[in-house]
Amino acid sequence: MSKANAYAAFDARSPMKPFSLERRAPRETDVAIDILFCGVCHSDLHQVRDEWSGSKYPLVPGHEIVGRVTRVGSNVSRFKVGDQVGVGCFVGSCGACDPCKRGLEQYCANGFIGTYNGTDKDGSPTQGGYSTSIVVDESFVLRLGKVDRLDAVAPLLCAGITTWSPLRHWKVGKGHKLGVLGLGGLGHMAVKLGAAFGAEVTLLSSSPKKKADAARLGAHDFVVTSEASALAKARGRFDYLIDTVSAPHDLATYAGLLKLDGTLIIVGASPTPLPLPAFSLIMGRRSIAGSLVGGIKETQEMLDFCAEKKITADVETIPMQEIEKAYERMLKGDVRYRFSIDLASLR
Ligand code: NAP
Ligand code: ZN
C-alpha cells in the first residue's frame, strides 16, 4: 500500500478538499503510476455534484490521467519503470462478454469499472486522477511514447477518445459536412479531429466570442445558436452533428439541421432528459445516436494518430487548489478549452 495526496468531494454541495488515500501494492499485472497531470472533464463536475445521481463520497474525480510508471507487477509485459503512460475513463471490465472481446470495454455487458466512482474487483471504491498516484491493471494503461507537453495530452484520454470514437464509427471524413455543437473540452477536440479526417466542420456555439478560436482550431464555419436567422440558414446542412452540450437544450432544433439521412450523435450527458418530437426525425429520415468514450484499442490508435499529427488539447494548466474556480468557469462555458491539473501542486 502507498499513500496518495488527493482532492475529494465529500458531498454534492461543499467545495472539494484535500484528502489522503491508499493505493494498493501492485499485483502481478498492475502498473503503479505517478500522476503528473489530469484533465478536468465536465463529467467530473456532474459527478462531484451528483447531477447524474449515484455519486459515492468521498469521491476523487479525474479520468484524463497522464504520468510515469514507478513500479510494475511481476507479470507485466508491456510497461517498464519510467514509461510515460495514460489512463482514461475505466480501469476494468469483465473481458469475457462480446463487447469486451471486440475491444469495446466501455460497453461491457457486465459494466465497466469506472476510474472513479466505481467499484473495483475487490469491492473497494475506485478513486481517480485528482491525486498523486494510481495503480491500474496493465490492460487498461495506454502508451504515450515521447510527448513534450503532457498537460496538453491528458485531455485526449477522455475528450479526445469520446469524439474520436463516433467520428471513426460513422466514418466521418472527406465529403461530409460535420456540425459540432458546443465549444468546450469535447467540442474543441471534435473540431480538431473532424478537420484532421477531412470533414467540412461547422462549429455551433452559444458564445459569439468563440468564433475566432473555432477557426483557429480548424472549423470552416461558425454559427451562433442564439441567432434564429443563422440557425435557419443551417437547416438541412449536416451529414453528422455531434452534440457535446452538458446541459438541457432543444434537440428538435438541432435535428432540424441534418440532411436527409443525417445523424445526430449525442455525447453530451445532460442530467435531465431531452424531449424529442417524433417529427424532427420522421422528416428527413434522420437518426439520433449516442456514444460513450472509447475502447482501449481505439484509444491507443487515437493517441498514436495524435502523436503523429501533433494534435493535443488546448489547455489552461492549473494547480489542484484552483479546481472550484475552474468548475465555475466551466459552468459559464468559459473553458479555453480544457483545464489540466498539475499534480506537482499536491506533492
Ligand atoms: P465543457 O468543456 O463544459 O463544454 C460544454 C460546452 O457546451 C460549453 O463550453 C458550451 O459551449 C456548451 N454549453 C454548456 N451549457 C450550455 C447550455 N445551457 N446551452 C447551450 N450550450 C451550452 O464540457 P465537456 O467536458 O466538453 O463535456 C460535455 C458533456 O459531455 C458533459 O455533459 C460531459 O459529461 C459529457 N461527456 C460525455 C462523454 C461520453 O462518453 N459520451 C465523455 C465525456 C464527457 P458554447 O459556449 O460553445 O455554447
Ligand atoms: Zn470525461
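These lines cover the structure that appears in this document, whether it is placed above or below. (Residues numbered from 1 in each chain as written. Chains lettered and ligands numbered in written order. Predicted model: local features only at pLDDT ≥ 70, side-chain atom pairs only at ≥ 80, totals over all residues. Heavy atoms only, no water.)

**Description of unusual backbone geometry**
Phase 1 of the analysis: Of note, the bond from Tyr57 into Pro58 is cis; its omega dihedral lies within 30 degrees of zero at -5°.
Phase 2 of the analysis: Following the sequence through the fold, Pro58 ends up in the loop between α1 (42-48) and β4 (65-72).
Phase 3 of the analysis: Residue Tyr337 follows Arg336 across a cis peptide bond; omega there is -15°.
Phase 4 of the analysis: Among the structural elements, Tyr337 can be located in the loop between α11 (323-331) and β17 (338-342).
Phase 5 of the analysis: Not every positive phi belongs to a glycine, and Ser53 is a case in point at roughly 60°.
Phase 6 of the analysis: Tracing the backbone through its elements, the reader meets Ser53 in the loop between α1 and β4.
Phase 7 of the analysis: For Asn117, which is not glycine, the phi torsion reads 60° and is therefore positive.
Phase 8 of the analysis: For Asn117, a relative accessible area of 17% gives the class buried. (Helix = DSSP H or I, 4+ residues; strand = E, 2+ residues; numbered from the N terminus. Buried < 20%, exposed > 50% of the residue type's maximum accessible area, 1.4 Å probe, protein only.)

**So, the environment of Arg102**
Phase 1 of the analysis: Here Arg102 is to be found in the loop between α2 (98-101) and β7 (113-114).
Phase 2 of the analysis: Taking the relative accessible area as the measure of exposure, Arg102 reaches 57% and is therefore exposed.
Phase 3 of the analysis: As for Arg102 and Gly295, which are separated by 193 residues in sequence, their C-alpha atoms are 8.9 Å apart.

**Brief notes about the packing of aromatic side chains**
Phase 1 of the analysis: Scanning the entire structure with this criterion turns up six aromatic pairs.
Phase 2 of the analysis: Look at Phe10 and Phe19: their rings are 5.7 Å apart centre to centre, the planes differ by 85°, and that puts the pair in the edge-to-face class.
Phase 3 of the analysis: On the basis of relative accessibility, which here comes to 34%, the residue Phe10 falls in the partly exposed class.
Phase 4 of the analysis: Classification of Phe19 as partly exposed rests on a relative accessible area of 23%.
Phase 5 of the analysis: Considering the side-chain rings of Phe90 and Phe140, the 6.0 Å spacing of their centres and the 75° angle between planes classify their relative orientation as edge-to-face. You can see Phe90 sitting in strand β6 (residues 90-92) and its partner Phe140 sitting in the loop between β8 (133-137) and β9 (142-143), a full 50 residues away along the chain. Taken as a pair, Phe90 and Phe140 share a single burial class, namely buried.
Phase 6 of the analysis: Positioned over the ring face of Phe197 is Arg168, at 3.9 Å from the centre of the ring. (Phe/Tyr/Trp six-rings, centres within 6.5 Å; stacked < 30°, edge-to-face > 60°. Lys NZ or Arg CZ within 6 Å of the ring centre and 35° of its normal.)

**Concerning the sheet that holds strand β11 (residues 200-205)**
Phase 1 of the analysis: Taken in spatial order, the six strands line up as β12-β11-β10-β13-β14-β15 in an open sheet, and their pairing is parallel. Taken across any chain shown, the strands that pair with only one partner, and hence form the sheet edges, are β12 (221-224) and β15 (287-290). Averaged over all adjacent pairs, the angle separating strand axes in this sheet is 20°, with direction ignored.
Phase 2 of the analysis: Bridge count between strand β10 (residues 177-181) and β11: five bridges; the pairing is parallel. The partner of Lys177 across the bridge, within β11, is Glu200. (Pairing = 2+ DSSP bridges. Axes fitted to C-alpha atoms, helices over the stretch in contact; angles between N-to-C directions.)

**Let's talk about the site of ligand 1**
Phase 1 of the analysis: Around ligand 1 lies a shell of 29 residues, among which Ser205, Ser206, Ser207, Lys210 and Arg338 are the nearest.
Phase 2 of the analysis: Between ligand 1 and Leu183 there is a distance of 2.7 Å, counted from an oxygen atom to a backbone nitrogen or oxygen.
Phase 3 of the analysis: Within the side chain of Lys210, a nitrogen or oxygen atom sits 2.7 Å from an oxygen atom of ligand 1.
Phase 4 of the analysis: Protein contacts shield 88% of the accessible area of ligand 1, which totals 910 Å² for the unbound molecule.
Phase 5 of the analysis: Of all the elements in the fold, those that place two or more residues in the shell around ligand 1 are α1 and α5 (185-196). (Near = heavy atom within 4 Å. Polar contact = N/O pair within 3.5 Å; in protein donor to acceptor, adjacent residues only side chain to side chain. Areas by Shrake-Rupley, 256 points an atom, 1.4 Å probe, with all protein chains shown as cover.)

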